[in-house]
Amino acid sequence: MINVAVLGAAGRMGSHVVQAVEAADDLALVAALDTDDEIAAATHAKAHVAVDFTVPDATEANVHALIDAGIHAVVGTTGWTEDALARVDEHLRERPDLGVLIAPNFAIGAVLAMRFAAAAAPYFESAEVVELHHPDKVDAPSGTALHTARGIAAARASAGLAPSPDATTHDPDGARGANVDGVHVHAVRLRGLVAHEEVLFGNAGEAFTIRTDSFDRVSFMPGVLLGVREVGNHPGLTLGLDRYMSL
Ligand SMILES: NC(=O)C1=CN([C@@H]2O[C@H](COP(=O)(O)OP(=O)(O)OC[C@H]3O[C@@H](n4cnc5c(N)ncnc54)[C@H](OP(=O)(O)O)[C@@H]3O)[C@@H](O)[C@H]2O)C=CC1
Ligand SMILES: O=C(O)C1=N[C@H](C(=O)O)C[C@H](O)C1
């Protein structure tokens, strides 16, 4: 039995994780924590793994506290910077027995979309990312879109591709979106949506589109549970659920 604590348990994602853990025969929910609760409560409850779906401003401090407490961490919260990831990596050197998984998206379709986008990237002159989310989301672009764009940019760089063609010289209102390592990323916020992404590739005379849709937050739960079950077998810092899958 794996004892699980959920941080952000009252939130949109955390409340789904609480239900998914409670429904799993091999997992025990031992702590459901939210704002103002101390990580110490997870220690007292003998948690082996903590799942963090909180807010970008809180998640790094939570992960450091979990490492200090000797608890594996599965993190879905977005907003991680390269510097913050480096600090977690450094901290984990003090605890080589612990695993921390930080994944921008736990939906299987989104994990595959990120991998497929990186695989397709060397073969197209143009690439852009459009992410579409519910309007209560606090960060933009989404963590998934950032990861997707960085993967495309790295694959293009490895293949020696020139920048995507773009004649724009006048864009006073930022209509071309965010520029993530040379890949333009556009964020839509619309009531009725949950989490969606399109990756657009173009060559002369053709287009290739990858699209992933999470219509319901239940779509993230199989990936979260995979992370909970596997994090103890993967010491150190892991970025992306694909690292736990045979892809
Ligand atoms: N990786 C993935 O697959 C997915 C990632 N996400 C990401 O997960 C995060 C959460 O999303 P969502 O559930 O929609 O957001 P919510 O705002 O619904 O939930 C966040 C919860 O965390 C609570 N909280 C804030 N600070 C702390 C803290 N220090 N300790 C414990 N709890 C805290 C909030 O309380 P309060 O409201 O009082 O501040 C709230 O209940 C976002 O970064 C989002 O991008 C979302 C979906 C999928
Ligand atoms: O806030 C959300 O809802 C989501 N956040 C994650 C992100 O920023 O990529 C994952 C998913 O897109 C849902």
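Residues numbered from 1 in each chain as written. Chains lettered and ligands numbered in written order. Predicted model: local features only at pLDDT ≥ 70, side-chain atom pairs only at ≥ 80, totals over all residues.

(A) Broad picture of the sheet that holds strand β2 (residues 27-33). Spatial ordering of the open sheet is given by β2-β1-β3-β4-β5-β11, a layout of six strands whose pairing is parallel. The open sheet has two edge strands, β2 and β11 (236-239), and neither has a second partner. Along the sheet, successive strands turn relative to each other by an average axial angle of 20°, direction set aside. (Pairing = 2+ DSSP bridges. Helix = DSSP H or I, 4+ residues; strand = E, 2+ residues; numbered from the N terminus. Axes fitted to C-alpha atoms, helices over the stretch in contact; angles between N-to-C directions.)

(B) Layout of the sheet that holds strand β9 (residues 195-203). The strand order across the open sheet formed by five strands is β7-β8-β6-β9-β10, and the pairing between neighbours is mixed. Bordering the open sheet on either side are β7 (178-180) and β10 (206-214), each of which pairs with just one other strand. For this sheet, the mean angle separating the axes of adjacent strands, direction not counted, is 20°. The pairing of β7 with strand β8 (residues 183-189) spans three bridges and is antiparallel. Opposite Asn 179, over in β8, you have His 184 as the bridge partner. Contacting β9 and β10, helix α5 (residues 108-120) crosses the sheet at an angle of about 160° to β10. Relative to the sheet, helix α6 (residues 143-158) contacts β6 (126-133), β7, β8 and β9, its axis offset from that of β6 by approximately 170°. (Contact = placed C-beta atoms within 7 Å.)

(C) Molecular detail of the UniProt feature "domain: Dihydrodipicolinate reductase C-terminal" (unreviewed entry) in the protein chain. Summarizing the sequence annotation, UniProt attributes the feature "domain: Dihydrodipicolinate reductase C-terminal" (unreviewed entry) to residues 109-240 in the numbering used throughout. End C-alpha atoms of residues 109-240 are separated by 13 Å, and the span's content is 29% helix alongside 30% strand. (UniProt positions renumbered as here; feature names shortened; annotations may be inferred.)

(D) Geometry of the site of ligand 2. Around ligand 2, the structure places Thr 78, Pro 104, Asn 105, His 133, Lys 137, Ser 142, Gly 143, Thr 144 and Ala 195. Residue composition of the shell around ligand 2, by class: two nonpolar, six polar and one charged. (Near = placed C-beta within 6 Å. Nonpolar A, V, L, I, M, F, W, Y, C, P; charged D, E, K, R; others polar.)

(E) Representation of helix α3 (residues 56-69) within the structure. For α3, built from 14 residues, the straight-helix expectation of 20 Å at 1.5 Å per residue is met to within 8% by its first-to-last C-alpha distance of 21 Å. For α3, the secondary structure elements touched by its buried residues are β1 (2-7), β3 (49-52), β4 (72-75), α4 (82-92) and β5 (99-102). Immediately downstream of α3, the backbone of Gly 70 shows phi near 75°, a positive value. (Expected span 1.5 Å × (residues − 1).)

(F) Representation of the site of ligand 1 within the structure. Not every one of the 25 residues close to ligand 1 is listed here, only the nearest: Gly 8, Gly 11, Met 13, Ala 58 and Gly 76. Residue assignment for the shell around ligand 1 shows that the elements contributing at least two residues are α1 (12-23) and α3. Looking at which element gives the most residues to the shell around ligand 1, the answer is α1, with three residues. Its residues assigned to classes, the shell around ligand 1 shows 12 nonpolar, 10 polar and three charged.

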